[in-house]
2 protein chains.
Amino acid sequence: MKQYLEILRNCPLFQQIEEENLLTMLGCLGAKVEFFDKKYTIMAEGTPAKYIGILLSGSAQIARSDYYGNRSILSNIGPAEVFGEAFACAEMGAIPVTVIANEPCTVMLIDRDHILHTCRNQCGFHQQLIFNLMKDLATKVLVFHQKIEVVSKRSTRNKLMTYLMLQAKKQSSNRFTIPFDRQELADYLEVDRSGLSAEIGKLSREGILRSHRHHFELL
Amino acid sequence: MKQYLEILRNCPLFQQIEEENLLTMLGCLGAKVEFFDKKYTIMAEGTPAKYIGILLSGSAQIARSDYYGNRSILSNIGPAEVFGEAFACAEMGAIPVTVIANEPCTVMLIDRDHILHTCRNQCGFHQQLIFNLMKDLATKVLVFHQKIEVVSKRSTRNKLMTYLMLQAKKQSSNRFTIPFDRQELADYLEVDRSGLSAEIGKLSREGILRSHRHHFELL
DNA sequence: CTCCGTTTGTTGAAAATTCAACATACTTTT
DNA sequence: AAAAGTATGTTGAATTTTCAACAAACGGAG
């Protein structure tokens, strides 16, 4: 576990918890670490919401597919980010999404029961953990607000521009990269891929943006 | 405050807290109660995310409008439901939504600082409050997942059917009422109102549903 | 370096959505 | 009970999106 402390320091769940206490706590929580190769499923839709996941290395995609094969990407996560916590904390029977490794991933898994139903009133670190989880969930709600802001736009062009402007803001620059290829961006924006490509081409010709693959620049 | 205990008992924030302790706690939190007439703004977009709100009576709508006047309805809330907690807990500077009274409303407001930054490690009720807030936020994430599931569908028909099937499930019946009129439903589904009306008409002629105003029946 | 699989861009036709305008139904007010 | 205001349904034209199919560009493996 010691090798992961550096990353866990950046994890929202463990803020304000000293490193020496963190190791003890991970033991107490029964945290385990697993590895997933590229394209492997870290959590599968329909399986029990038993674990809270923390990405230690790599990146992963949170998505769902409806029964006509339309994939909808909810978000993309990187090292130190938490996933599955909402379903675990709400004690759902089954999770409604699939988490897939974009590249080889190291994942820490913590049983929800160890967080929700153990020693809640005894240990101070545990109290801090609950507090951190609460803050993390609050920011997750904001992430979904943003996604809804994007997909609530009525045209491909407006969805795309809303998304790109949010990314520019987040990366504090008019030049930035996005974590999606074209198909994935279309799946995030909930639009047709070819229509999205066409719209990017049109915006380029109008001098509104420049782009190459994952790189974008707003002009 | 005593008159509101009955409702607060159903509020997710105060589960597992005895009534006698609840009154003390509300004092300690500096909870205040305000009244809003129909159509009045309970929280305005852009104002500081200073308060967590609890609806004591009436109903309200959580919505946002983009700068071309397209309104997007995020959800509809009723008595004992909590609102604004995600923005308050994430300590945002400004809230990105507007909360409007559908009818005369009684609202309890609690300053976020009293929840987040006071006596966090002393008082047991407070610990329970944080825990409840965490659970509440987890279910809020699920609410947004559902909304995204609905609006990610590519056609008006699929959005509508997905929404109606979720409502039928939630109300455990093929006959149910929805909290929206046609314009509001269109704003929730992020589609054109007249197109929505046309689609409802078509589904009726196809024998898939029956509807009258807020009442629907899936066949 | 070449080959092969994947990603991205392009096109045109079909289908769906939006928009504006109006008719009808329903509610509330006076 | 009539009038005024609001909500809902309907229509057709304009716009946009989707879909399928293909071409071009790119990247990795050998």
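Coordinates for the structure precede this section.
Below is a short write-up of the structure. Given the structure is predicted, the values throughout are model-derived calculations rather than measurements. (Residues numbered from 1 in each chain as written. Chains lettered and ligands numbered in written order. Predicted model: local features only at pLDDT ≥ 70, side-chain atom pairs only at ≥ 80, totals over all residues. Heavy atoms only, no water.)

## Regarding the nonpolar core
The condition that has to hold: By convention a nonpolar core is built from buried Ala, Val, Leu, Ile, Met, Phe, Trp, Tyr and Cys residues, the set being connected through side-chain atoms within 4.5 Å. The buried label goes to any residue with under 20% of its type's maximum accessible area, the exposed label to any with over 50%, and the partly exposed label to all in between, with areas taken from a 1.4 Å probe on protein chains only.
If you look at the biggest cluster of nonpolar residues, it comprises 106 residues, and the most contacted ones within it are A:F14, A:I42, B:F14, B:I42 and B:I54. Counting residues in hydrophobic clusters, the runner-up holds 48 residues, among them A:F176, A:F216, B:L160 and B:L189.

## Considering the packing of aromatic side chains
Defined as follows: Planes of paired rings set the category: under 30 degrees apart is stacked, over 60 is edge-to-face and the rest tilted, where pairs are Phe, Tyr or Trp rings (Trp by its six-membered ring) whose centres lie within 6.5 Å. Numbered from the N terminus, helices here are DSSP runs of H or I no shorter than four residues, and strands are runs of E no shorter than two.
Per the counting criterion, the structure on display carries eight aromatic pairs over all chains. Ring plane angle 15° and centroid distance 6.4 Å describe the contact between A:F176 and A:F216, whose orientation is recorded as stacked. With a gap of 40 residues between them, A:F176 in strand β9 (residues 175–177) and A:F216 in strand β11 (residues 215–218) connect regions that are remote in the sequence. Classification of A:F176 by relative accessible area gives buried; the value is 4%. The buried category is assigned to A:F216, whose relative accessible area is 3%. Centroid distance B:Y163 to B:F180: 6.2 Å. Interplanar angle 35°. Geometry classified as tilted. Remark: B:F180 occurs in the loop between β9 (175–177) and α7 (182–189) and B:Y163 occurs in helix α6 (residues 156–170); sequence separation between them is 17 residues. In this pair, the class of B:Y163 matches that of B:F180, namely buried. Among the aromatic residues, ring-to-ring pairing joins A:Y163, A:F180 and A:Y188 into one connected group.

## Considering the protein's contact with DNA strand D
Our working rule: In this text, near means that some heavy atom of the residue lies within 4 Å of the molecule or strand in question. Here a polar contact is taken to be a pair of N or O atoms separated by no more than 3.5 Å, where protein atoms must pair a possible hydrogen donor with a possible acceptor and residues adjacent in sequence count only if both atoms sit in side chains. For this classification, Asp, Glu, Lys and Arg are treated as charged, while Ala, Val, Leu, Ile, Met, Phe, Trp, Tyr, Cys and Pro are nonpolar and the rest, including Gly, are polar.
Lining the immediate surroundings of DNA strand D are 16 residues, of which A:S155, A:T156, A:D192, B:R182 and B:S197 lie closest. Backbone atoms, meaning sugar plus phosphate, form 59% of the atoms of DNA strand D positioned within 4 Å of the protein. In the model, a phosphate oxygen of DNA strand D is placed 2.8 Å from a nitrogen or oxygen of the A:D192 main chain. B:S197 is positioned with one of its side-chain polar atoms (N or O) 2.9 Å from a phosphate oxygen of DNA strand D. Those elements that provide at least two residues to the surface near DNA strand D are α8 (193–205) of chain A together with α7 and α8 (193–205) of chain B. Along the lines of polarity and charge, the residues of the surface near DNA strand D split into one nonpolar, seven polar and eight charged.

## Notes on the sheet that holds strand β4 (residues 60–65) of chain B
Residue and element names in this part refer to chain B. Filter applied, for reference: Two strands are counted as paired when DSSP detects at least two bridges linking them. Lines fitted to C-alpha atoms define the axes, with helix axes restricted to the stretch in contact, and inter-axis angles between N-to-C directions lie between 0 and 180 degrees.
One open sheet accounts for four strands, arranged β2-β7-β4-β5; its pairing is antiparallel. At either end of the open sheet lies a strand with only one pairing partner, and these are β2 (41–43) and β5 (71–77). The mean inter-strand angle of the sheet, taken between neighbouring strand axes irrespective of direction, is 35°. Sheet analysis places β4 next to β5, joined by six bridges and oriented antiparallel. Opposite R64, over in β5, you have S72 as the bridge partner.

## Regarding the protein's contact with DNA strand C
The environment of DNA strand C is formed by 16 residues, the closest being A:R182, A:S197, B:T156, B:D192 and B:R213. The share of sugar and phosphate among atoms of DNA strand C within 4 Å of the protein is 59%. A:R182 places a main-chain nitrogen or oxygen 2.8 Å from a phosphate oxygen of DNA strand C. Measuring from a sugar or linking oxygen of DNA strand C, one finds a side-chain N or O atom of B:R213 at 3.4 Å. Listed by contribution, the elements that provide at least two residues to the surface near DNA strand C are α7 (182–189) and α8 of chain A together with α8 of chain B. Here the surface near DNA strand C is composed, by residue class, of one nonpolar, seven polar and eight charged.

## Quick word on the side chain of B:T98
Selection criterion: Throughout, a residue-residue contact means that at least one pair of heavy atoms, one from each residue, lies within 4.5 Å.
Among the structural elements, B:T98 can be located in strand β7 (residues 98–101). When sequence neighbours within four positions are dropped, the list of residues in contact with B:T98 reads B:T41, B:M43, B:A44, B:E45, B:Q61, B:I62 and B:A63.

## Section: the environment of A:D192
Mapped onto the elements, A:D192 comes out in the loop between α7 and α8. With relative accessibility at 46%, the residue A:D192 sits in the partly exposed group. Counting along the chain gives ten residues from A:D192 to A:R182, while the straight-line C-alpha distance between them is 10.0 Å. Every residue in contact with A:D192, bar those within four places of it in the chain, is listed here: A:A186 and B:R154. At a separation of 2.6 Å, a polar atom in the side chain of A:D192 contacts the side chain of A:S194.

## Quick word on the pattern of salt bridges
Residues and elements named next belong to chain A. Stated precisely, the cut-off is as follows: Here, a salt bridge means any side-chain nitrogen of Lys or Arg that lies within 4 Å of a carboxyl oxygen of Asp or Glu.
Applying the stated rule across the entire model yields 28 salt bridges over all chains. With a shortest N-O distance of 3.5 Å, E217 and R175 are connected by a salt bridge. A residue pair is termed long-range when its members are at least 10 positions apart, and E217 in strand β11 and R175 in strand β9 qualify at 42 residues. For R175, a relative accessible area of 60% corresponds to the exposed category. The structure contains a network of salt bridges with shared partners spanning E6, R9 and E19.

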